[in-house]
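Reading the structure
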Amino acid sequence: MSPENRNYLPESDVIGLNLKETELTLGMPGETRVTTDTGVKFGTKRGFSETIDLNLGRSNVKCHDKVCDDELENDVLGGATKSLTAKAQLVGWPPVRASRKNVMKSCKFIKVAVDGAPYLRKVDLEMYNSYQQLLSALEDMFSCLTIRNYLSEKKLMDPANGVEYVATYEDRDGDWMLVGDVPWKMFVESCKRVRLMKSSEAIGLAPRTPQKCSSTA
Amino acid sequence: MMNYFPDEVLEHVFDFVTSHRDRNAVSLVCKLWYRVERYSRQRVFIGNCYAISPERLIARFPGVKSLTLKGKPHFADFNLVPQDWGGYVQPWIEALARSRIGLEELRLKRMVVSDESLDVLSRSFTNFKSLVLVSCEGFTTDGLAAIAANCRFLRELDLQENEIEEKKNHWLGCFPDSCTSLVSLNFACLKEINLAALERLVARNPNLKSLKLNRAVPLEALQRILMRAPQLVDLGTGSFVLDRDSDDSETYRKLRTTILKCRSIRNLSGFLEVAPHCLPAIYPICVNLTYLNLSYAAGIHGSELIKLIRLCGKLQRLWILDCIGDKGLEIVASTCKDLQELRVFPSDPFGAGHDAVTETGLVAISSGCPKLNSLLYFCQQMTNAALIAVAKNCPNFIRFRLCILDPTKPDPVTMQPLDEGFGAIVQSSKRLRRLSLSGLLTDRVFLYIGMYAEQLEMLSIAFAGESDKGMLYVLNGCKKLRKLEIRDSPFGDMALLRDVGKYETMRSLWMSSCDVTLGGCKTLAKKMPRLNVEIINENDQMEFAPEDSQKVEKMYLYRTLVGPRKDAPEFVWTLV
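As the structure is a computational prediction, the values presented were derived from the model and not from experiment.

Conventions and cut-offs
- Residues numbered from 1 in each chain as written.
- Chains lettered and ligands numbered in written order.
- Predicted model: local features only at pLDDT ≥ 70, side-chain atom pairs only at ≥ 80, totals over all residues.
- Heavy atoms only, no water.
- Helix = DSSP H or I, 4+ residues; strand = E, 2+ residues; numbered from the N terminus.
- Buried < 20%, exposed > 50% of the residue type's maximum accessible area, 1.4 Å probe, protein only.
- Contact = heavy atoms within 4.5 Å.
- Areas by Shrake-Rupley, 256 points an atom, 1.4 Å probe, with all protein chains shown as cover.
- Rg over C-alpha atoms; globule rule 2.2 N^0.38 Å.
- Lys, Arg positive; Asp, Glu negative; His and termini not counted.
- Charge placed at Lys NZ, Arg CZ, Asp CG, Glu CD.
- Axes fitted to C-alpha atoms, helices over the stretch in contact; angles between N-to-C directions.
- Parallel < 35°, antiparallel > 145°, perpendicular 65-115°, else oblique.
- Nonpolar A, V, L, I, M, F, W, Y, C, P; charged D, E, K, R; others polar.
- Salt bridge = Lys/Arg side-chain N within 4 Å of Asp/Glu carboxyl O.
- Phe/Tyr/Trp six-rings, centres within 6.5 Å; stacked < 30°, edge-to-face > 60°.
- pLDDT = per-residue confidence, 0-100.
- Patch = residues over 30% accessible without salt bridge, like charges linked within 9 Å, V, L, I, M, F, W, Y side chains within 5 Å.
- Domains from an automatic or database assignment.
- UniProt positions renumbered as here; feature names shortened; annotations may be inferred.
- Arc of directions from axis to C-beta.
- Core = buried A, V, L, I, M, F, W, Y, C linked by side-chain atoms within 4.5 Å.
- Polar contact = N/O pair within 3.5 Å; in protein donor to acceptor, adjacent residues only side chain to side chain.

Some points on the overall build of chain A
Summing up its helical and strand segments, chain A has six helices and nine strands in all. The proportion of buried residues among the 217 residues of chain A is 38%. Of the contacts made within chain A by residues no fewer than 6 positions apart, 44% connect residues no fewer than 24 positions apart. Carbon and sulfur atoms make up 54% of the accessible area of chain A, which amounts to about 12700 Å² in all.

Okay, structure coming up:
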């Protein structure tokens, strides 16, 4: 689908169908189509779409055979929409050195302490997308615990002795907060460490009213 | 007239000619000048280690004391060049060692360095003083140990962004007690360090002016080090974190007091790990700073950055993360009136953070900092109007690199390509030497570049242009072009082959994911024997008798006086 082979319908085409609007072009989701005076459409660059390193579970096929091109473009177009929203990776873009990429990746390793456990663990908050995922991970790590969702509070329980734990965290200002109050991303940004506190000790914290919990998956 | 002067007089005159280019020009005047110049040349710069051989270097410049070598193409920084491509320093060091050249300084960029090379280096040159390695790989801390142990007069060991395998040895402890000549030490790219050895080393090196620590140096150690080295001009902190326990407030107080004594610090960097509440410790020295690099400090938020910047009235160079935001850049603009260089790096590759910067921040900077001449700006979006305003406010750009995180994004206000904006930049900055483009761009931007960018030496193109015409405008118009690197753009054989002689006037050309074919590259290689035309062949694309019509995924060509290189790996084909 290279520009040279297209048959452009002039805008003054009187049939009444705005065929331009329905023409397929390659482009990023949400991008509007633009034409220049020369009638060349943007968003039809072969190069860009084909270099998207789609992690869609299939091998990264790069071939320049014509047939393969078309298939790839169609696949890529469909895939591009999905994967770009899911953080698709262009090879070598943005042009940032590896040493800087580590800054950008911001692996957010924080310490997790459980009252009564002899040693702490570390988790990378960037690995999770929701409180539920984090709690599941903690459940795995501290295998004696199970998640108990009570009134949509984030609690863990040790079924062996019935001790309930409440997940708390220290934020950037040094204050201890209840896990789950703020949106997940905000939590990841501000959390410095997590402590699973025994419920009995958490009495000082204000009782939770069953308002809608803003921690979305 | 000059022919009647003895050679020593000529040599003395040439001593005042220091830049590489000027000395190269001097050597072309006549045979006499060529001869005098070559014997007196001490500093040699080789921008592409495959353009010439070590033997020829030594034959021409027997008095060389300082050698700079560059290896891999620039796009290797972004993982576009496979491992084992080349760029080995070993043959250079071996040849220099054999020849008894009195090497004192070696600066390498994007080269493969082995422990053996470092060992040979450390033993072969008694006056060796300075080793600078930038973006190199292939060695371990054993190699560093050899340098530390054997280079008796070492003044400078500068390791910038290298990939170094760290062994259990304590290489820093290999500096003998007699080593007191250090002026500059940078090991920020390492993960570990022997703290005790470091502190002892700093204590016995009173001439230390530049010290860049790594993450493993905690704040308490920094405080002790600064106590010993208040004369530092250039400091890179390691970890700048203190927990908020009461024990550490003592450390914090001591740090503040110590920093107050460091009145010579002009360049500040590091903060590889940072707790914002510790930042006030550096407030007292901010007023003296001319260079501030916070581009690795992911833990500092916009508001804290702003508080810091407000104190830095004398800044000339600022490297920062985009979480400073447009608002933060406005503060920079109103505070840093002497700003010449600004680099804004992305903290999130997809610009999803609400704090990332846009055209607004850049316009503010241009408006407040008219001395700006060097820019690297990663942003969410850019408009033509903004670029036109920037061009008007700052006509002095030498380096202008814009990277819009979405590489084909048009002007979001007009939905037009950014041709006019970049056109304004090249038209107004007559001394522009380096340019990187991004955003939606047609052939028109290249027309402008060819017309106006008369001093342009390096151009980086990604996802831009519509046809061969674009590339031709550049090749025809930019007479001083040395390095051209292009990825994912629709330029093909027609542009590649139009003026084959052009490439001998340039250092190199990189083209990846473009439309050049194997046949086109072969034709070029045949016509130009003094170019190495290399095809990088990954993914077994071209395993079975490839067709000439097949597009080439990655091509790198460069002028050379020594023919195809003998160390090319299997996946690199040099066409002849």
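Next comes the rest of the write-up.
Details of the overall build of chain B
What chain B contains, in helices and strands, is 20 helices and 25 strands. In terms of overall size, chain B behaves like a compact globule, its C-alpha atoms giving a radius of gyration of 25 Å where 576 residues would be expected to give roughly 25 Å. Considered along the principal axes of its C-alpha atoms, chain B spans approximately 70 × 65 × 60 Å. By residue count, 59% of the 576 residues in chain B fall in the buried class. Partitioning the contacts of chain B with sequence separation of at least 6, the portion at a separation of at least 24 is 71%. Taking the 73 positively charged and 67 negatively charged side chains of chain B as two groups, their mean positions are separated by 8 Å.

Description of the packing of helix H6 (residues 115-124) of chain B against helix H7 (residues 141-150) of chain B
Residues and elements named next belong to chain B. Between H6 and H7, the shortest axis-to-axis distance is 8 Å and the interhelical angle comes to 5 degrees. As judged from the angle between their axes, H6 and H7 are roughly parallel. Of the residues in H7, those touching H6 at Asp115, Leu118, Asp119, Leu121, Ser122 and Arg123 are Asp142, Gly143, Leu144, Ala146, Ile147 and Asn150. For the contact of H6 with H7, the class distribution of residues is five nonpolar, three polar and four charged.

Let's talk about the pattern of salt bridges
Counted by the stated rule, this structure contains 31 salt bridges over all chains. Two residues, B:Asp338 and B:Lys371, come together in a salt bridge whose shortest N-O distance is 3.0 Å. Of this pair, B:Asp338 sits in the loop between helix H13 (325-335) and strand S16 (341-345) while B:Lys371 sits in the loop between helix H14 (359-368) and strand S17 (374-379); the two residues are 33 residues apart in sequence, bridging distant segments of the chain. Put simply, A:Arg97, B:Asp77, B:Arg110 and B:Glu161 are held in one network by salt bridges that share partners.

Things to note about the packing of aromatic side chains
Residue and element names in this part refer to chain B. Evaluation of the coordinates by the stated rule reveals 21 aromatic pairs over all chains. Relative to Phe271, the ring of Phe240 has its centre 4.9 Å away and its plane inclined at 65 degrees; by these criteria the two rings are edge-to-face. Separated by 31 residues along the polypeptide, Phe240 in strand S11 (residues 239-240) and Phe271 in the loop between strand S12 (267-269) and strand S13 (273-274) bring together distant segments of the chain. What makes Phe240 buried here is its relative accessible area of 1%. On the basis of relative accessible area, Phe271 is assigned to the buried category, the value being 0%. Judged by centre distance (5.7 Å) and plane angle (80 degrees), the ring pair of Phe446 and Phe491 falls under edge-to-face. With Phe446 in helix H17 (residues 443-452) and Phe491 in the loop between strand S21 (483-487) and helix H19 (493-498), this pair connects stretches of sequence that are 45 residues apart. For the pair shown, Phe446 and Phe491 are each scored as buried. Through successive ring pairs, a cluster of aromatic residues spans Tyr50, Phe75, Phe78, Trp85, Trp510, Tyr556 and Tyr558.

A look at the confidence of the model for chain A
Detail in the predicted coordinates should be disregarded across regions flagged by low pLDDT. Residues and elements named next belong to chain A. Residues of chain A with pLDDT of at least 70 account for 43%, and the chain-wide mean is 62. Contacts from residues 30-88, a stretch scored under 50 in pLDDT, to residues over four places away or in other chains number 108 contacts. Low confidence marks residues 209-217, where pLDDT is under 50. Its contacts with residues over four positions away, or in another chain, come to 15 contacts.

Points about a nonpolar patch on the surface
Residue and element names in this part refer to chain B. On the surface, Phe5, Val9 and Val13 cluster together to form a nonpolar patch covering roughly 210 Å² of accessible area. Examined against the element boundaries, Val13 turns out to sit in helix H1 (residues 7-14). Overall, Val13 belongs to the partly exposed group, its relative accessible area being 37%.

Details of the domain arrangement of chain B
Often, the extent of an interface is quoted as the loss of accessible area upon association of its parts. As far as domains go, chain B holds domain 1 (1-41), domain 2 (46-59 + 66-239), domain 3 (265-353), domain 4 (381-491) and domain 5 (507-575). When each unit is reduced to the centre of its C-alpha atoms, the spacing between domain 1 of chain B and domain 2 of chain B is 32 Å.

Let's talk about the UniProt feature "domain: F-box" (unreviewed entry) in chain B
UniProt records the feature "domain: F-box" (unreviewed entry) at residues 5-46 of chain B, using the numbering of this structure. For residues 5-46 of chain B, the helix share is 62%, the strand share is 10%, and the end-to-end C-alpha distance is 31 Å.

Overview of the confidence of the model for chain B
For chain B, per-residue confidence averages 94 on the pLDDT scale, and 96% of positions sit at 70 or higher. With pTM at 0.78, the complex prediction returns an ipTM value of 0.89.

Section: the environment of A:Arg172
As for its position among the elements, A:Arg172 is in the loop between strand S7 (163-171) and strand S8 (176-178). Residues contacting A:Arg172, with those up to four places away along its chain left out, are A:Glu189, A:Ser190, A:Lys192 and B:His301.

Focus on the environment of B:Pro490
All names here are of chain B. Positionally, Pro490 belongs in the loop between S21 and H19. It is 6.6 Å that separates the C-alpha atoms of Pro490 and Gly465, two residues lying 25 residues apart in sequence. Those residues in contact with Pro490 that sit more than four places away from it in its chain are Ala464, Gly465, Glu466, Ser467, Asp468 and Asp515.

A look at helix H5 (residues 131-141) of chain A
Taken as a whole, H5(A) has its buried residues at A:Tyr131, A:Leu134, A:Leu135, A:Ala137 and A:Leu138. Each buried residue of H5(A) lies within a common arc of 155 degrees when the element is viewed along its axis, so the set occupies one face.

A few points about the nonpolar core
With 178 residues, the main nonpolar core has B:Phe400 and B:Ile449 as its most contacted residues. Considering each element in turn, this core owes the most residues, five residues, to helix H9 (residues 219-228) of chain B. Aside from chain neighbours lying at most four places away, what touches B:Phe400 is B:Leu375, B:Leu387, B:Val390, B:Phe422, B:Ile425, B:Leu432, B:Arg434, B:Leu435 and B:Ser436. Counting 23 residues, the second largest nonpolar core, distinct from the first, contains A:Leu125, A:Tyr131, A:Leu138 and A:Phe187.

Digging into the side chain of B:Asp326
Residues and elements named next belong to chain B. With respect to the helices and strands, the residue Asp326 is situated in helix H13. Nearest to the buried, unbridged Asp326 among oppositely charged side chains is Lys327, at 7.4 Å. A distance of 2.5 Å separates a polar atom in the side chain of Asp326 from a polar atom in the side chain of Thr358. Excluding its chain neighbours within four sequence positions, the residues that come into contact with Asp326 are Val357, Thr358, Thr360, Gly361 and Tyr377.

A word on the environment of B:Leu318
All names here are of chain B. Looking at the element boundaries, Leu318 is found in strand S15 (residues 317-321). Sequence separation between Leu318 and Gln340 is 22 residues; the distance between their C-alpha atoms is 8.5 Å. Once residues within four sequence positions are removed from consideration, Leu318 is found in contact with Leu292, Ile309, Val332, Leu339, Glu341, Leu342 and Arg343.

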